[in-house]
Amino acid sequence: MCSTLNPNDLQRIFRKLDKNSDGLVSLEELNWVLERIGVQFRVQELESIVGKTSLNWDEFLFFYDSLCKNTETVEAEEEKEEEGDLLKAFKVFDLNGDGFISSDELENVLSRLGLWDEESGKDCRSMICEYDTNSDGVIDFEEFKNMMLHTFS
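Residues numbered from 1 in each chain as written. Predicted model: local features only at pLDDT ≥ 70, side-chain atom pairs only at ≥ 80, totals over all residues. Heavy atoms only, no water.

**Here we look at unusual backbone geometry**
Under the convention used in this document: Relative accessibility decides the category of a residue: with a 1.4 Å probe and only protein chains considered, values under 20% of the type maximum give buried, values over 50% give exposed, and everything between is partly exposed. Secondary structure elements are taken from DSSP: a helix is a run of H or I of four residues or more, a strand is a run of E of two residues or more, and numbering for both begins at the N terminus.
A positive phi is found at Ser 21, a non-glycine position, where the angle reads about 55°. Judged by relative accessible area, which is 64%, Ser 21 ranks as exposed. Even without a glycine there, the phi angle at Ser 135 is positive, about 55°. Looking at where Ser 135 falls in the secondary structure, it is placed in the loop between helix 6 (121–131) and helix 7 (141–152).

Here's what the structure looks like:
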């Protein structure tokens, strides 16, 4: 969200929001643009965050930078949490703990889950081959992540 705006774009936004050209953007005006980009605040919340009812150019930039940093931090934490969940799932399949999922391990886990029958043995090998991007015959964690992201997207 934040990385796409350069200082000139920000300056144009500031000038458009500054309806009376007094060099200040009111929190109501700021909240209007925040809502348009999907950031939800009440004006009272904004006032408690910024400590005033309007922002000059420098304060507007500081607020924008703070918002970007907070957004990036939240996104990084969500990504780390998602990767942690994927690692837990990966470890369920990596029965011997060597950091790879073989077709035998995949078959074993699917059997225990009741999702496997003898006639589909070649399906595990073909599934491994489909996502085995480095062609080593097993799935490593990065390949597993790609497989899971592909499966759920």
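**Observations concerning helix 1 (residues 7–17)**
One turn of an α-helix holds 3.6 residues; hence residues three or four places apart share an orientation. Formally: What the arc covers is the set of directions going from the helix axis to the C-beta atoms.
Asp 9, Leu 10, Phe 14 and Leu 17 are the residues of helix 1 that are buried. Across the axial projection of helix 1, the buried residues extend over an arc of 140°, all falling on one side. For helix 1, the exposed residues set more than 90 degrees away from the buried face come down to Asn 8, Arg 15 and Lys 16.

**Looking at the domain arrangement of the protein chain**
Quick reminder of the rule: In this document the domain limits rely on a domain assignment from an automatic tool or a database.
On domain assignment, one finds that the protein chain holds domain 1 (7–72) and domain 2 (77–152). Put simply, the middle of domain 1 and the middle of domain 2, counted by C-alpha atoms, are 46 Å apart.

**Let's talk about the UniProt feature "domain: EF-hand" (unreviewed entry) in the protein chain**
The test is simple: UniProt positions are given in the numbering used here, feature names are shortened, and annotations may be inferred rather than shown by experiment.
Mapped onto the present numbering, the UniProt feature "domain: EF-hand" (unreviewed entry) falls on residues 5–40, 81–116 and 119–153. For residues 5–40, helix accounts for 58% and strand for 6%, while the C-alpha atoms at its two ends are 19 Å apart. Across residues 81–116, helical content stands at 64% and strand content at 0%; the span's end C-alpha atoms are separated by 30 Å.

**Some details on a negative patch on the surface**
This is how it is decided: Think of a patch as exposed residues, more than 30% relative accessible area, with no salt bridge, where like charges cluster within 9 Å and nonpolar side chains (Val, Leu, Ile, Met, Phe, Trp, Tyr) cluster within 5 Å. Under the convention used here, a 1.4 Å probe and the Shrake-Rupley method define accessible areas, while residue burial counts only the protein chains that appear. Salt bridge, as applied in this entry: a Lys or Arg side-chain nitrogen positioned within 4 Å of an Asp or Glu carboxyl oxygen. Positive charges come from Lys and Arg alone, negative charges from Asp and Glu alone, with His and the N- and C-terminal ends not counted. Lysine's charge is taken at NZ, arginine's at CZ, aspartate's at CG and glutamate's at CD.
A grouping of Glu 75, Glu 77, Glu 78, Glu 79, Glu 81, Glu 82 and Asp 85 is seen on the molecular surface, where their side chains present a negatively charged patch. Overall, Glu 79 belongs to the exposed group, its relative accessible area being 57%.

**Notes on the environment of Asn 108**
Mapped onto the fold, Asn 108 is located in helix 5 (residues 103–112). When its relative accessible area of 35% is taken as the criterion, Asn 108 is described as partly exposed. For the pair formed by Asn 108 and Glu 59, sequence separation is 49 residues and the distance between their alpha carbons is 59 Å.

**Quick word on the side chain of Glu 143**
To be explicit about the condition: Contacts are residue-level and defined by heavy atoms, with any inter-residue pair within 4.5 Å sufficient.
Residue placement: Glu 143 occurs in helix 7. Within the buried set, Glu 143 has no salt-bridge partner at all; the shortest N-O distance to an opposite charge, 12 Å, is to Lys 145. Residue contacts for Glu 143: discarding those within four places in its chain leaves Tyr 131, Asp 132, Thr 133, Asn 134 and Val 138.

**What about the packing of aromatic side chains?**
Inclusion rule: Put simply, two rings from Phe, Tyr or Trp (the six-membered ring, in Trp's case) pair if the centres are within 6.5 Å, and we call them stacked under 30 degrees between planes, edge-to-face over 60, tilted for the rest.
With the rule as written, the count across this model stands at six aromatic pairs. Between the aromatic rings of Phe 90 and Phe 144, the centroid separation amounts to 5.4 Å while the plane-to-plane angle is 70°, which identifies the pairing as edge-to-face. With Phe 90 in helix 4 (residues 57–93) and Phe 144 in helix 7, this pair connects stretches of sequence that are 54 residues apart. Each member of the pair, Phe 90 as well as Phe 144, is classed as buried. Here the aromatic rings of Phe 93 and Phe 144 are separated by 6.3 Å at their centres, their planes lie at 50°, and the arrangement is tilted. A residue pair is termed long-range when its members are at least 10 positions apart, and Phe 93 in helix 4 and Phe 144 in helix 7 qualify at 51 residues. A residue is classified by how much of its surface remains accessible, and Phe 144, at 2% relative accessible area, is buried.

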